[in-house]
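# Report on the structure
This is what each chain is made of:
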Amino acid sequence: LTFEVTKLHQFDPYASLGLVVDPINVGAGIEGTHLILDLNYHGGHKEHFFELTWDGIYSDTSPPEINLMFRHNADGDTCKAEINKKLAYTLSDLKPCIINLYLADEHIHALEYKIGS
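Residues numbered from 1 in each chain as written. Predicted model: local features only at pLDDT ≥ 70, side-chain atom pairs only at ≥ 80, totals over all residues. Heavy atoms only, no water.

It is worth spelling out the pairing of strand β8 (residues 106-113) at this point. Bridge analysis of strand β7 (residues 97-103) against β8 gives 7 bridges, and the strand direction is antiparallel. Considered in β8, the bridge of Leu 103 is made with Glu 106. Linking β7 back to β8 in an antiparallel pair, the connection comprises 2 residues, with Ala 104 at a positive phi of about 60°. (Pairing = 2+ DSSP bridges. Helix = DSSP H or I, 4+ residues; strand = E, 2+ residues; numbered from the N terminus.)

Now the structure itself:
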């Protein structure tokens, strides 16, 4: 499995991939100050692109909630090889909150993040 650590940034919820969401299975968990995404998808002939975006908004609830949007772009890859990949995003800049993870408009996970500033 590939393991990459990326810093979670605040940016436009429709950053570079726009509304593109190609088929993918996403498992999610929090380990320390990292959001870990377990990805499973089909491909093998082209590079796939992944994006996790956040608009920087915390809800007024207690605990606060944030909405993260995950997108997958297969770049037209029609290969049927099963790919498993792990991505990790650093959450250390977030305050404690509930993280709602969306794949396009579908709510796929709600995770409690307790460590933060």
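Once that is clear, we can look at the nonpolar core. In terms of nonpolar packing, the biggest core is built from 22 residues, with Leu 39 and Phe 70 touching the most fellow members. Those elements giving two or more residues to this core turn out to be β3 (34-43), β4 (49-54), β5 (65-73), β6 (81-90), β7 and β8. (Core = buried A, V, L, I, M, F, W, Y, C linked by side-chain atoms within 4.5 Å. Buried < 20%, exposed > 50% of the residue type's maximum accessible area, 1.4 Å probe, protein only.)

Detailed reading of predicted coordinates is not advised where the pLDDT is low. Per-residue confidence for the protein chain gives a mean pLDDT of 85; residues scoring 70 or more make up 82%. The weakest mean pLDDT in the protein chain belongs to strand β1 (residues 2-7) at 50; the strongest belongs to β8 at 96. (pLDDT = per-residue confidence, 0-100.)

In this structure, the largest pocket spans a volume of roughly 170 Å³. Lining the largest pocket we find 13 residues, and of these Pro 23, Ile 24, Tyr 41, His 42 and His 72 sit closest to its centre. A per-element tally of the lining of the largest pocket places β3 first, with 3 residues. Here the residues of the lining of the largest pocket are counted per class, giving 5 nonpolar, 5 polar and 3 charged. (1 Å grid on protein atoms, 1.4 Å probe; cavity = no way out; pocket = protein on both sides within 12 Å on 5 of 7 lines; lining within 4 Å. Points joined across faces, edges and corners; volume = space filled by probe spheres on them. Nonpolar A, V, L, I, M, F, W, Y, C, P; charged D, E, K, R; others polar.)

Once that is clear, we can look at unusual backbone geometry. The step from Ser 62 to Pro 63 runs through a cis peptide bond, and the omega angle for that step is -5°. Relative to the assigned elements, Pro 63 resides in the loop between β4 and β5. Unusually for a residue other than glycine, Asp 75 sits at a positive phi of about 55°. Mapping Asp 75 onto the fold places it in the loop between β5 and β6.

Let us now look at the environment of Tyr 89. The residue Tyr 89 is located in strand β6 in this model. The buried category is assigned to Tyr 89, whose relative accessible area is 6%. The sequence separation of Tyr 89 and Ile 36 amounts to 53 residues, and the corresponding C-alpha distance is 6.6 Å.

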